Amino acid sequence: MGATCSLHDRFLNVACQLIARLVISGLNVDGIMNYLRFAILLYTLLSLVACQVKHEVPASDDPITKLNWAEELYDKQDRPEEAERLIRESIAICKQTGDDLCLGDAYVSYGFFFRSPSLERKESWFRENGFLDRYATFDNRLFRSRDYFQHSVDYYLETGKYDLVSRAWLNTGFAYHFLRESGVETDPKTGESYRLAECRAYQVSYQYNRKAVSENPDLRIVMPADVASYREYMDIQLDRAGC
């Protein structure tokens, strides 16, 4: 989705090949140095152009395009502050059009955003500037991640796409897992056990997976290569969570 500044390895490879060919050709040292100076200049210019292109997110009124770019920004380019704006723009468009599937996708994206490692790398920025979600803080970001996955469930249910409902519940379970990893074992308000909440999320995910498959036997669920079935995948998660 755009150029990056990672030209270094390719440049070194090409430079080594060039030097070898120049030496074989019998060119003197001054001639070789002139070629290398030109190569370094060209590399510098290409790097500058690549870095500039990286910052150009194409304008689009399509909410899915915005979500795809948001994922690129927070997942691969360490630019989460820009990604959040695109996610919220996508949500606004989905609401205007009354598109439940679109809203489900947008809230899932927001869920992934709030648990992205890129937020940790921009901790000082978010502590100073905050999030566009006025209820979010850097310290409660994992709670907001859980909330957005749960929001997506409601909209996916409206579409009848139970495989997506299953996926949303799965990620809700993972949200509780990350909360527990951060040291939070119970809900600060209700005292609910997050281990039990995680277990319940996986169980509900499996129930909706079975419902999706019963309605569409040809449905393909993407899973790790070493896992034979969704049931096996759920068993792995339930065992890890101590259910």
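Before reading on, note that the structure itself is shown above.
Our subject in this report is the structure included herewith. None of these values were measured; they are calculated from a predicted model.

Quick notes on the packing of helix 10 (residues 194-215) against helix 11 (residues 230-241)
- Running from N to C, helix 10 and helix 11 cross one another at 175°; their axes reach a closest spacing of 10 Å. Here helix 10 is positioned roughly antiparallel relative to helix 11, judged by the angle of their axes. Contacts from R195, E198, C199, Y202, Q203, S205, Y206 and N209 of helix 10 reach helix 11 at Y230, R231, M234, Q237, L238, R240 and A241.
- Looking at side-chain class alone, the contact of helix 10 with helix 11 contains seven nonpolar, four polar and four charged residues.

Details of unusual backbone geometry
- Even without being glycine, D78 reaches a positive phi, approximately 55°.
- Judged by relative accessible area, which is 28%, D78 ranks as partly exposed.

With respect to the packing of aromatic side chains
- Scanning the model with the defined rule gives 18 aromatic pairs in all.
- Here F112 and F149 contribute two aromatic rings whose centre-to-centre distance is 5.1 Å and whose plane-to-plane angle is 80°, an arrangement assigned as edge-to-face. On the criterion of sequence distance, the pair formed by F112 in helix 5 (residues 100-114) and F149 in helix 8 (residues 141-159) is long-range, its members being 37 residues apart.
- We classify F112 as partly exposed; its relative accessible area is 29%.
- For F149, a relative accessible area of 0% gives the class buried.
- Among the aromatic residues, those joined into a ring-pair cluster are Y74, Y107, Y110, F113, F114, W125, F126, F131, Y148 and Y155.
- Taking the ring centre of Y206 as reference, the NZ or CZ of R231 above it sits at 4.1 Å.

A short note on the pattern of salt bridges
- According to the stated counting rule, one finds 18 salt bridges in the structure shown.
- For E81, the salt bridge is made with K122, and the minimal N-O distance between the two is 3.2 Å. With E81 in helix 4 (residues 80-97) and K122 in the loop between helix 6 (117-121) and helix 7 (123-129), this residue pair connects regions lying 41 residues apart in the sequence.
- For K122, a relative accessible area of 24% corresponds to the partly exposed category.
- Residue E123 is joined to R127 by a salt bridge in which the shortest nitrogen-to-oxygen separation is 2.8 Å. Taken as a pair, E123 and R127 lie in helix 7 at a separation of four residues, close to a single helical turn.
- Take E123: its relative accessible area is 32%, and that puts it in the partly exposed class.

Conventions and cut-offs
Residues numbered from 1 in each chain as written. Predicted model: local features only at pLDDT ≥ 70, side-chain atom pairs only at ≥ 80, totals over all residues. Heavy atoms only, no water. Axes fitted to C-alpha atoms, helices over the stretch in contact; angles between N-to-C directions. Helix = DSSP H or I, 4+ residues; strand = E, 2+ residues; numbered from the N terminus. Parallel < 35°, antiparallel > 145°, perpendicular 65-115°, else oblique. Contact = heavy atoms within 4.5 Å. Nonpolar A, V, L, I, M, F, W, Y, C, P; charged D, E, K, R; others polar. Buried < 20%, exposed > 50% of the residue type's maximum accessible area, 1.4 Å probe, protein only. Phe/Tyr/Trp six-rings, centres within 6.5 Å; stacked < 30°, edge-to-face > 60°. Lys NZ or Arg CZ within 6 Å of the ring centre and 35° of its normal. Salt bridge = Lys/Arg side-chain N within 4 Å of Asp/Glu carboxyl O.

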